[in-house]
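So you can see what is in the structure, the chains are spelled out below.
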Amino acid sequence: LIHARYLEDVYKKFPALRLFPENATLWLLKKMPSVFISEIQGLKDEKGNEIKGYAGRMPLVTHQMFEDRKFALEKMKDTVRAFSKKGVKLVGLGGLIPSMSRGSLDLMEAFKDMNFTTGRTYTVKTVTDYVKNVIDEFNFDKSEVKVAIVGAAGSIGSGCAEILAGWGISDLLLIDLERKLDILIKKINEIHGRVSNEKISIRRSHKISDVKWADIIIAATSAPEAVIEESDLKSGAIIINDAQPSDVSPEIYDRDDVLVVEGGVIRTPGIRVGFNLGLADREDSFCCLGEALILAHEGFYSPFEGNLLDYGYLEKLSRTSEKLGFRITRYQNQFGYIPEEKIHKVKQIVKSNSDGIS
């Protein structure tokens, strides 16, 4: 279950709507029923039987959801009802739908005979897999690399913070409303203390511009618009962007001295979603869908976690993901795979930064 991020997403499915004024299209979206975009093909259960899946879109774009949350929730319920009539037992929630439904709780209460997954746990795994890959490929020292998390108190940001602390990452900047960070900081300190003798440095802030300090930035807010601006980044910065809509200002993609990597994308070999996800390869998918695919394959369902990370469930997902051949992709963003020459240039800047060369 997804939603259009921008009108451009709507036009990909309904190109004729480009002929109408924007306001007319937005009005029409509110009146439209839920849309089945495609069948999801190629997934099998453990016995080799084909599992039927559907991609469905609720007919609102991001800013419409923020303008009227109650109306957006009713549209979500309409789409779930349409799924139910198709015999669907498990619904994966993409984009901003989890945060707009209290982490699926509003939908669970309305549809007690159905199961829901926000994809949160597998997203945490995927985003941190990209971080680990960047640390290794760009030769960062794990004890010295500076990592900022924008949206740190949210479900994805807090889970990533826990995982990084468990790896022994010692220099973290947590950006969110400061009153929301106290419990997370206490937990991070406990986790880090169990795995490393190094003292951990945890900074907190509510100012996005403080990411200029960071080598690696995880962007994971539920904001309806970009929050990280071009002037916020130092040369050599690498953003792992999980936010849909993107947290990253369009101008940043034009810089040749920083990287923006899509952090919520996995390769799902053999799976065909049946419509354009805007990713670099037809076998690439978003990891919120990936978690639903894993659960459908295994025939188990996700626990309702709130903001708590269930490590047993994470391990279960990781094992099945590996069995299915799901993995992170080559570095890509909204413009496709990132050219090797750009990656090489940023590597040289990162090396210069670590050597103390301005």
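Computed from a predicted structure; not experimentally measured. Here the residue numbers are simple positions, counted from 1 along each chain's written sequence. With the structure being a predicted model, the display of local features is reserved for residues of pLDDT at least 70 and the display and counting of side-chain atom pairs for 80 or more, all residues being used for whole-chain, interface and lining totals. Here the side-chain values reflect all heavy atoms present in the structure, with hydrogen atoms and water set aside.

A short note on the overall build of the chain
Phase 1: Only DSSP runs of H or I with at least four residues qualify as helices, and only runs of E with at least two residues qualify as strands; both kinds are numbered from the N terminus onward. For the chain, the helix and strand inventory stands at 12 helices and 16 strands.
Phase 2: Atoms counted for the radius of gyration: C-alpha only. Globule rule: 2.2 Å times residue count to the power 0.38. Here the C-alpha atoms of the chain give a radius of gyration of 20 Å, agreeing with the 21 Å that 2.2 N^0.38 yields for 358 residues.
Phase 3: Based on the C-alpha atoms only, the size of the chain along its principal axes is roughly 60 × 45 × 40 Å.
Phase 4: For every residue, the accessible area obtained with a 1.4 Å probe (protein chains only) is divided by the maximum for its type, and the residue is called buried under 20%, exposed over 50%, and partly exposed between those limits. A total of 358 residues make up the chain; the buried ones form 53% of that total.
Phase 5: Whether two residues are in contact is decided by their heavy atoms: any pair within 4.5 Å suffices. Contacts in the chain between residues at least 24 apart in sequence constitute 65% of all its contacts with a sequence separation of at least 6.
Phase 6: Each accessible area is a Shrake-Rupley result for a 1.4 Å probe, and residues are judged covered by the shown protein chains and nothing else. Of the roughly 16600 Å² that the chain leaves accessible, carbon and sulfur atoms contribute 50%.
Phase 7: With 49 positive and 51 negative side-chain charges, the chain shows a separation of 5 Å between the mean positions of the two kinds. Counting rule for charge: Lys and Arg are taken as positive, Asp and Glu as negative, and neither His nor the chain ends is counted. Here the site of a charge means NZ on Lys, CZ on Arg, CG on Asp, or CD on Glu.

A short note on a negative patch on the surface
Phase 1: To count toward a patch, a residue needs a relative accessible area over 30% and no salt bridge; like charges are then connected within 9 Å, while nonpolar side chains (Val, Leu, Ile, Met, Phe, Trp, Tyr) are connected within 5 Å. The rule for a salt bridge is simple: a side-chain nitrogen of Lys or Arg has to be within 4 Å of a carboxyl oxygen of Asp or Glu. A contiguous patch of negative charge on the surface is contributed by Glu-229, Glu-230, Glu-251 and Asp-254.
Phase 2: Since its relative accessible area comes to 41%, Glu-251 is described here as partly exposed.

Re the packing of helix α7 (residues 120–137) against helix α11 (residues 311–324)
Phase 1: Angles here are taken between N-to-C directions and fall from 0 to 180 degrees, while the axes themselves are lines fitted to C-alpha atoms, restricted in helices to the stretch in contact. Orientation of α7 relative to α11, taken along the N-to-C sense of each, is 70 degrees, at an axis distance of 10 Å. Here α7 lies roughly perpendicular to α11, going by the angle between them. Viewed along their axes, α7 and α11 form a crossing whose handedness is right-handed. Seen from α7, the contacting residues are Thr-121, Tyr-122 and Lys-125; seen from α11, they are Tyr-313, Leu-314, Leu-317, Ser-318 and Ser-321.
Phase 2: Basically, the charged four are Asp, Glu, Lys and Arg, the nonpolar ten are Ala, Val, Leu, Ile, Met, Phe, Trp, Tyr, Cys and Pro, and anything else, Gly included, counts as polar. Taken together, the residues that form the contact of α7 with α11 break down as four nonpolar, three polar and one charged. Under this scheme an angle from 65 to 115 degrees is roughly perpendicular, one under 35 degrees roughly parallel, and one over 145 degrees roughly antiparallel; angles in between are oblique. Each crossing gets its handedness from the near helix: less than a right angle anticlockwise from the far helix is left-handed, clockwise is right-handed.

Looking at the pairing of strand β7 (residues 171–175)
Phase 1: Burial analysis of β7 places five of its five residues in the buried class, which makes it a mostly covered element.
Phase 2: Here β7 shows no split at all, with Asp-171, Leu-173 and Ile-175 on one side and Leu-172 and Leu-174 on the other all buried.
Phase 3: The handedness of a crossover follows from its direction of travel: if, with the strands pointing away from the viewer, the path from the first strand over the helix to the second runs clockwise, the crossover is right-handed. What joins strand β6 (residues 146–150) to β7 is helix α8 (residues 155–167), and the crossover it makes is right-handed.
Phase 4: Sheet topology note: the β7/strand β8 (residues 201–205) ladder contains five bridges and is parallel. Two strands pair under a simple rule: DSSP has to find at least two bridges between them.

Side note on the pairing of strand β10 (residues 238–241)
Phase 1: Residues Ile-238 and Ile-240 point to one face of β10 and Ile-239 and Asn-241 to the other, with burial holding for every one of them.
Phase 2: As paired strands, strand β9 (residues 216–219) and β10 are joined by four bridges and run parallel to one another. Paired with Ile-216 across the strands is Ile-238, a residue of β10.
Phase 3: Note: β10 against strand β11 (residues 259–262), four bridges, orientation parallel. Residue pairing across strands places Asn-241 opposite Glu-262, the latter belonging to β11.

A closer look at the nonpolar core
Phase 1: In plain words, nonpolar cores are sets of buried Ala, Val, Leu, Ile, Met, Phe, Trp, Tyr and Cys residues tied together by side-chain atoms within 4.5 Å. Ranked by internal contacts, the top residues of the largest apolar core, which has 67 residues, are Phe-138, Phe-140, Leu-174, Ile-238 and Ile-240.
Phase 2: Top contributing element to this core by residue count: α7, with seven residues.
Phase 3: Judged by nonpolar contacts, the second largest core, of 20 residues, contains Met-58, Val-88, Phe-111 and Phe-116.

Let's talk about the pattern of salt bridges
Any two side chains of opposite charge can pair, given that their charged atoms come close.
Phase 1: Across all of its chains, the model carries 21 salt bridges by this definition.
Phase 2: For Glu-137, the salt bridge goes to Lys-347, with nearest N and O atoms at 3.1 Å. With Glu-137 in helix α7 and Lys-347 in helix α12 (residues 340–354), this residue pair connects regions lying 210 residues apart in the sequence.
Phase 3: By relative accessible area, which is 29% here, Glu-137 ends up partly exposed.
Phase 4: Here Glu-315 and Arg-319 are joined by a salt bridge, their closest N and O atoms 3.7 Å apart.

Observations concerning the side chain of Ser-249
Phase 1: Structurally, Ser-249 can be placed in the loop between β10 and β11.
Phase 2: For Ser-249, a relative accessible area of 3% gives the class buried.
Phase 3: A polar atom in the side chain of Ser-249 sits 2.2 Å from the side chain of Glu-251.
Phase 4: When residues no more than four places from it in sequence are discounted, the contact partners of Ser-249 are Ala-226, Ile-228 and Glu-229. Two N or O atoms form a polar contact when they lie within 3.5 Å of each other; inside protein one atom must be a possible hydrogen donor and the other a possible acceptor, and for residues adjacent in sequence the pair counts only when both atoms belong to side chains.

So, α7
Phase 1: Taking 1.5 Å per residue, 18 residues should reach 26 Å; α7 reaches 26 Å between its end C-alpha atoms and fits that length.
Phase 2: Here α7 lies mainly inside the structure; 13 of its 18 residues are buried. In a helix, the anticipated span is given by 1.5 Å times the number of residues less one.

Describing the environment of Glu-46
Phase 1: Residue position: Glu-46 is located in the loop between β2 (35–40) and β3 (53–61).
Phase 2: Residues Glu-46 and Ser-99 lie 53 residues apart in sequence; the distance between their C-alpha atoms is 32 Å.
Phase 3: Residues contacting Glu-46, with those up to four places away along its chain left out, are His-297, Glu-298 and Lys-323.
Phase 4: Side-chain polar atoms of Glu-46 contact the side chain of Lys-323, separated by 2.9 Å.

Functional significance is not addressed by these values, which are geometric in nature.
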